[in-house]
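Next come the chains, spelled out residue by residue.
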Amino acid sequence: TVACEQTEVLLFDPISLKHIKTLSEAHEDCVNNIRFLDNRLFATCSDDTTIALWDLRKLNTKVCTLHGHTSWVKNIEYDTNTRLLVTSGFDGNVIIWDTNRCTEDGCPHKKFFHTRFLMRMRLTPDCSKMLISTSSGYLLILHDLDLNKSLEVGSYPILRARRTTSSSDITSSGSSGPRAAGSPCHQNDAGPLSEKHLPRSSQREGGSPRNSLEVLTPEVPGERDRGNCITSLQLHPKGWATLLRCSSNTDDQEWTCVYEFQEGAPVRPVSPRCSLRLTHCIEEANVGRGYIKELCFSPDGRMISSPHGFGIRLLGFDARCSELVDCLPKEASPLQEIRSLYSHNDVVLTTKFSPTHCQIASGCLSGRVSLYQPKF
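Residues numbered from 1 in each chain as written. Predicted model: local features only at pLDDT ≥ 70, side-chain atom pairs only at ≥ 80, totals over all residues. Heavy atoms only, no water.

Q: What should I look at first to understand the sheet that holds strand E18 (residues 241-248) in this one?
A: Strand pairing in a sheet relies on backbone hydrogen bonds, with the paired strands running either antiparallel or parallel. Strand order in the open sheet formed by five strands is E17-E18-E19-E20-E24, and the pairing between neighbours is mixed. Unpaired on one side and paired on the other, strand E17 (228-235) and strand E24 (333-334) mark the two borders of the sheet. The sheet contact formed by strand E19 (residues 254-261) and strand E20 (residues 276-284) spans eight bridges and is antiparallel. Across the sheet, residue Phe 261 finds its bridge partner in E20, namely Leu 276. (Pairing = 2+ DSSP bridges. Helix = DSSP H or I, 4+ residues; strand = E, 2+ residues; numbered from the N terminus.)

Q: Quick question: what am I supposed to make of the state of the cysteines here?
A: Defined simply, a disulfide is a covalent bond joining two cysteines at their sulfur atoms. A complete count under the given rule lists one disulfide for this structure. Residue pairing for Cys 102: its cysteine sulfur links by disulfide to Cys 107, the two sulfurs lying 2.0 Å apart. The chirality of the disulfide connecting Cys 102 with Cys 107 is right-handed, given an S-S dihedral of about 50°. Judged by its relative accessible area of 28%, Cys 102 is partly exposed. Residue class for Cys 107 comes out buried when judged on its relative accessible area of 9%. Free cysteine Cys 257: the closest other cysteine sulfur is in Cys 246, separated by 4.9 Å. (Disulfide = S-S within 2.5 Å. Buried < 20%, exposed > 50% of the residue type's maximum accessible area, 1.4 Å probe, protein only.)

Q: I'm lost on the environment of Trp 255 in this one. Help?
A: Here Trp 255 is to be found in strand E19. In this structure, the C-alpha to C-alpha distance between Trp 255 and Ile 282, residues 27 residues apart in sequence, is 5.7 Å.

Q: In this structure, what is going on with the pairing of strand E10 (residues 93-98)? I would like to understand it.
A: Successive side chains on a regular strand alternate, one facing one side of the sheet and the next facing the other. Among the six residues in E10, six count as buried, and that is most of the element. Going residue by residue along E10, you find Asn 93, Ile 95 and Trp 97 tucked away on one face and Val 94, Ile 96 and Asp 98 tucked away on the opposite face as well. Summarising the sheet, strand E9 (residues 84-89) and E10 pair through five bridges and their orientation is antiparallel. Looking at the pairing, Val 86 lines up with Ile 96 of E10. The antiparallel pairing of E9 with E10 creates a hairpin that spans three residues between the two strands, and Gly 92 there sits at a positive phi of about 85°. Across five bridges, E10 lies against strand E11 (residues 109-114) in antiparallel orientation.

Q: How should I be thinking about the confidence of the model for the protein chain in this particular structure?
A: The predicted coordinates of low-pLDDT regions are not to be read in fine detail. On average, the protein chain scores 82 in pLDDT, and the residues at 70 or more come to 79%. Segment residues 163-206: pLDDT under 50, and 84 contacts once partners within four positions in sequence are set aside and those in other chains are kept. (pLDDT = per-residue confidence, 0-100. Contact = heavy atoms within 4.5 Å.)

Q: Teacher, can you tell me more about the UniProt feature "repeat: WD" (unreviewed entry) in the protein chain here?
A: The sites that carry the UniProt feature "repeat: WD" (unreviewed entry) are, in the present numbering, residues 24-57 and 66-98. Helix makes up 0% of residues 24-57 and strand 53%, whereas the separation of the span's terminal C-alpha atoms amounts to 17 Å. Across residues 66-98, helical content stands at 0% and strand content at 64%; the span's end C-alpha atoms are separated by 11 Å. (UniProt positions renumbered as here; feature names shortened; annotations may be inferred.)

Q: How should I be thinking about a nonpolar patch on the surface in this particular structure?
A: Taken together, the side chains of Leu 17, Val 369 and Leu 371 make up a nonpolar region of the molecular surface, amounting to roughly 220 Å² of accessible area. As for its placement among the helices and strands, Leu 371 is situated in strand E28 (residues 369-372). Leu 371 sits in the partly exposed class, given a relative accessible area of 36%. (Patch = residues over 30% accessible without salt bridge, like charges linked within 9 Å, V, L, I, M, F, W, Y side chains within 5 Å. Areas by Shrake-Rupley, 256 points an atom, 1.4 Å probe, with all protein chains shown as cover. Salt bridge = Lys/Arg side-chain N within 4 Å of Asp/Glu carboxyl O.)

Q: Could you clarify how one ought to interpret the nonpolar core in this entry?
A: Soluble globular proteins tend to pack their nonpolar side chains together in the buried interior. Formed by 19 residues in total, the largest nonpolar core has its most connected members in Val 86, Val 94, Phe 112, Phe 113, Met 130, Ile 132 and Leu 147. Contributing elements (two or more residues each) for this core: E9, E10, E11, strand E12 (118-123), strand E13 (130-134), strand E14 (139-143) and strand E16 (212-216). Not counting residues up to four positions away in its chain, the partners in contact with Val 86 are Asn 75, Ile 76, Glu 77, Val 94, Ile 95, Ile 96, Met 121, Leu 123, Met 130 and Leu 147. Ranked by size, the runner-up nonpolar core spans 17 residues in total, among them Leu 131, Leu 233, Leu 235 and Leu 244. (Core = buried A, V, L, I, M, F, W, Y, C linked by side-chain atoms within 4.5 Å.)

Q: Before we go on, may I ask you to explain a negative patch on the surface in this structure?
A: Side chains of Glu 5, Glu 25, Glu 28 and Asp 29 sit close together on the surface and give a patch of like negative charge. Structurally, Glu 25 is set in the loop between strand E3 (18-23) and strand E4 (31-36). (Lys, Arg positive; Asp, Glu negative; His and termini not counted. Charge placed at Lys NZ, Arg CZ, Asp CG, Glu CD.)

Q: Honestly, the layout of surface pockets in this entry has me stumped. Any pointers?
A: Empty space among the atoms can be located by rolling a probe the size of a water molecule over them. Its volume calculated, the second largest pocket comes out at about 450 Å³. Surrounding the second largest pocket, 20 residues form its lining, Leu 314, Cys 358, Ile 360, Gln 373 and Pro 374 being those nearest its centre. When its residues are assigned to classes, the lining of the second largest pocket shows eleven nonpolar, five polar and four charged. (1 Å grid on protein atoms, 1.4 Å probe; cavity = no way out; pocket = protein on both sides within 12 Å on 5 of 7 lines; lining within 4 Å. Points joined across faces, edges and corners; volume = space filled by probe spheres on them. Nonpolar A, V, L, I, M, F, W, Y, C, P; charged D, E, K, R; others polar.)

Laid out in structure tokens, this is it:
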């Protein structure tokens, strides 16, 4: 399935390589993302502020249209445990939709979280964490995720606010007064909360409370103290790491960076916490400035496919495409280029591995879709 700029969704058969269906008016504006919920039901989101549910067996009409966002909807995730749909948009909202109770008029929904400058939102494969990237260079991690509980201002503890310099850049403010450094998500103008300040019901034995918020400014090579925009966010299929595409605020540098998750709570409740460590990175060709390039992991997590100019690069943690856990360096190391593939006449904006076949797809700014298969 291919999300297109001009209101369309295209469907292809990856085996025969045939174009089999066009949903010409899937939305009233650009289609941004597509997510399968099972082997027949999928969701699309759009700049028209809506999400649509579709059934492959009956593509002439939508199952339903979901209204709740007030700006462009950019991301769709799905919790297979609770069957809750999770969407995010440029209105800064993360919204939860109960697909168990869908009707033709939509689904029950609630606002789960809000932050300014939201770019992308992802759930880890086990749905235990939510990661949110922002155009101001912050990465938010909600630990021990509980999607059934909406996060109102002041209702969640902050585990860490690392290298945070401007509290107003993280969440919308209820007043115009200054915020304490290290407290970007309004805790009544106080510093980060420790577990001793939390109600007993929100504390969990041997770990952090549910929906604990961690705020990070990920280390980016070549940063030179300039701000960065985290444009693309993906997660390792085994939940070991996160993959970011970062660009400098001046848009003259782009980087693909891999950060491993460092599990475990702080030694003491009040001690600093940092769940991510930069392990691998590589500078990218800065072609097509201002456009977001979506990259991805392979299904086994051994390779990364990354848009690179008018093509894509296949990157590995080492030259043998070893598992990440088998080649973790003590300090950040360069990703190894395994192969470059070029078949487009315009800037490649997205790339995706097939989850079931030995195949990669890429799409460029002019609308061309390319499929690649290795020769054996």
